[in-house]
Amino acid sequence: MSALAIAPAFLSDFNHLDPEIQLGTLSVMRAYSSGHTPDMEPVPGAADPGVRVVGVAPDWSGVVVPDQDDHYRLLTVRPRAQALEFARGVLPEPLDATPTDPTPTGPPELSGALSAPFDQWQVTLHPDQHRITEAHYNGSAQVTGGPGTGKTVIALHRAAHLAVRDAAAHPEQVRESVLLTTYNRALAQTLSDRLDQLLPDPAVRARVRVHTIDAVAHSVVRSHMRTAPQLIDRDELARRWRAVAVSDGLPFSGRFLVDEWEQVLLAQGLETLPDYIRCERSGRVQHLAPEHRRQVWETVRRFVGAMRVEGVWTHPQLAAEAALILGRRAPLFRHVVVDEAQDLHPAQWRMLRAAVPEGPDDLFVVGDPHQRVSDNRVSLASLGINVRGRGHRLRISYRVTQEILDWATPLLGHRPALGMDDDADTLAGYRSLLRGPAPVVRGCSDPAEEMRALGDWVRVWLEAGVAPDGIAVAGRNQWVVRKVAKELEARGVPTVPSETSGRADAVRVGTMHRLKGQEFRCVALVGVSDHLLPPKAAIEAAEGDQVALEQAVQRERMLLFVACTRARDALYVSHVGPASRLVQPQAL
Ligand SMILES: Nc1ncnc2c1ncn2[C@@H]1O[C@H](COP(=O)(O)OP(=O)(O)OP(=O)(O)O)[C@@H](O)[C@H]1O
């Protein structure tokens, strides 16, 4: 397919162009992708005979260079006379330019981006995005789309729009009437900061609460109990359930019991044993006869009772409690906007449902079922949230380059993801306007070599001008992450956990899970080796059950896909020994 794409080095400048010129440019790019090749004019006297100019608006032209096949890269957009002058100065790319070669010269796309601070990658909404943001919906609405399609940006602008509307409709009541919620803390902080910019009037800004979903549950329960609930650590929880399984002589593992509690009892809000005996345990593979359900019910009841006495909680349990509390009170908000919706637990959805009255523009749900990294699967309709007929699917990625998409999308395998509206969701037609270097996959013979290679590659990015906080390095588990931090620190490269805000001088390091919802210019994934990914523990937990195994592998695929697609400009993947079977789809 032909493509005309923005060169990453031009991204930041592109965002500073007049909206009209941006739109003209985007429509030329779209026309090119759909086969209507616009006029590409050669430039007399140009140093590079391949360079062309293309009209994007009256008296404005883009300068493009051929890339490969019939792909072109857009280097700049300027008034026509300046564009011609710029084009004449473009030098031909040296024959040995190898953007994927991890040498200290670095990918040329990066070296050109010295002047582009990553946080200036600001947004002028595309008219389609704008329409979705400002529409009036006669109920709940849903927006889905692959990585980088602007879902978070839409959620943010939607919350701002609702606040402005609320201020106009209820000028006398200045209170938090819009909830903008998401999954992780780093993203919530970013959203809150951006909202400050979008809503400079403090009286309007005060109408939006930006909180993680866990913080919402925590604050509802805290204000009800008048004391802060204590959260129990996941490892401690697993240990306790294991002990209970042994002492009650149950033929189930601790892990099975935790999942049964969270994924069936809490997920369905089951309050009585007959309801549990009758319920469909969808998503759970091991059949449970009624006598086993009775045993499980008894154990769970006692266990949860003991937790309550002790005053300790899990996040889904807090959400279930918050849903009950809110169900008895006047709704907290007029509108709720949810980002990263694919990972919310059903109890969290019940809480949100109870937090806002049913009606026009009540819930605005944004997510991507291909990026689900939790066990939570929901059917919104079954939770009283009906988005039928009010769904939008986004298809254009503004962050991930086509090269990274081409590499990362096959990681998902062939199975379509199940959407929250109960329909299959595919990435058909999903593509990028950006082009960049192909991902680099580096095989290493031992862990020491892998760490050395990573250190070299991070150095390449830094020397090419990428700010340290524009680089993230991730591994599947904490053990790999610790090794990475040690290696980089030993080379004098400061590191901080990937969710850290501020600390522009430090490279972000964390698990793949922690990268969720974030974006970076460059991402390196280490330990993508067959003996580490999918992790043995995930495979063993399936205990030989084929369906459970497939679900576990699918979750790992999505996690890897999420991690890869955090990169805007460059992706580096390394492994020791054979690469993970997840990156060799034919091996599965
Ligand atoms: N119309 C647009 N023009 C330019 N940049 C845009 C546009 N829409 C989104 N972007 C930029 O693209 C990047 C990705 O957007 P966003 O984070 O909203 O995507 P997303 O769909 O939520 O991604 P993910 O699902 O991977 O978290 C952001 O840096 C955003 O500023």
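Keep in mind that what you see is a predicted model, and the values were worked out from it rather than measured.

Peer 1: Explain the nonpolar core to me, and be specific about the residues and the numbers.
Peer 2: Grouped together as the largest cluster of nonpolar side chains are 59 residues, with contacts concentrated most on W261, Y276, W349, M351 and L352. Those residues within four positions of W349 in sequence are excluded, and the remaining contacts are V338, A341, L344, V365, V378, L380, L383, I385 and M420. Membership of the second largest hydrophobic core comes to 30 residues, among which are L405, A474, L560 and V562.

Peer 1: Give me the packing of aromatic side chains: which residues, what numbers.
Peer 2: For any pair of aromatic rings, the description consists of the separation of the ring centres together with the inter-plane angle of the planes. Applying the stated rule across the entire model yields 7 aromatic pairs. When the ring of Y137 is compared with that of F364, the centres are 6.0 Å apart and the planes differ by 45 degrees; the resulting orientation is tilted. In this pair, Y137 sits in the loop between α5 (127-134) and β6 (141-145) while F364 sits in strand β12 (residues 363-367), placing the two residues 227 residues apart along the sequence. Judged by relative accessible area, which is 6%, Y137 ranks as buried. A relative accessible area of 2% places F364 in the buried class. Ring centres of W457 and Y572 lie 5.3 Å apart, and the angle between their planes is 15 degrees; this geometry places the pair in the stacked category. Of this pair, W457 sits in helix α17 (residues 447-463) while Y572 sits in strand β23 (residues 567-576), and the two are 115 residues apart along the sequence. Through successive ring pairs, a cluster of aromatic residues spans W241, W261 and F303. The side chain of K483 reaches across the aromatic face of W479, ending 4.9 Å from its centre. Seen from the ring of Y183, K516 lies directly overhead, with NZ or CZ sitting 5.1 Å from the centre.

Peer 1: Give a description of the sheet that holds β23 that names residues and reports values.
Peer 2: The sheet built from 6 strands is open, its strands ordered β18-β23-β22-β19-β21-β20 with parallel pairing. Sheet topology places β18 (440-444) and β20 (495-497) at the edges, where each strand pairs with a single neighbour. Taken over all neighbouring pairs, the strand axes of this sheet differ in orientation by 25 degrees on average, direction set aside. Here β20 pairs with strand β21 (residues 507-511) via 3 bridges, running parallel. For V496, the partnering residue across the bridge sits in β21 and is R508. The sheet contacts of α17 involve β18, β19 (471-475), β21, β22 (520-525) and β23, and relative to β23 the element is tilted by about 165 degrees. Across the sheet, helix α21 (residues 546-564) is in contact with β22 and β23; its angle to β22 comes to roughly 140 degrees.

Scoring rules and cut-offs
- Residues numbered from 1 in each chain as written.
- Predicted model: local features only at pLDDT ≥ 70, side-chain atom pairs only at ≥ 80, totals over all residues.
- Heavy atoms only, no water.
- Core = buried A, V, L, I, M, F, W, Y, C linked by side-chain atoms within 4.5 Å.
- Buried < 20%, exposed > 50% of the residue type's maximum accessible area, 1.4 Å probe, protein only.
- Contact = heavy atoms within 4.5 Å.
- Phe/Tyr/Trp six-rings, centres within 6.5 Å; stacked < 30°, edge-to-face > 60°.
- Helix = DSSP H or I, 4+ residues; strand = E, 2+ residues; numbered from the N terminus.
- Lys NZ or Arg CZ within 6 Å of the ring centre and 35° of its normal.
- Pairing = 2+ DSSP bridges.
- Axes fitted to C-alpha atoms, helices over the stretch in contact; angles between N-to-C directions.

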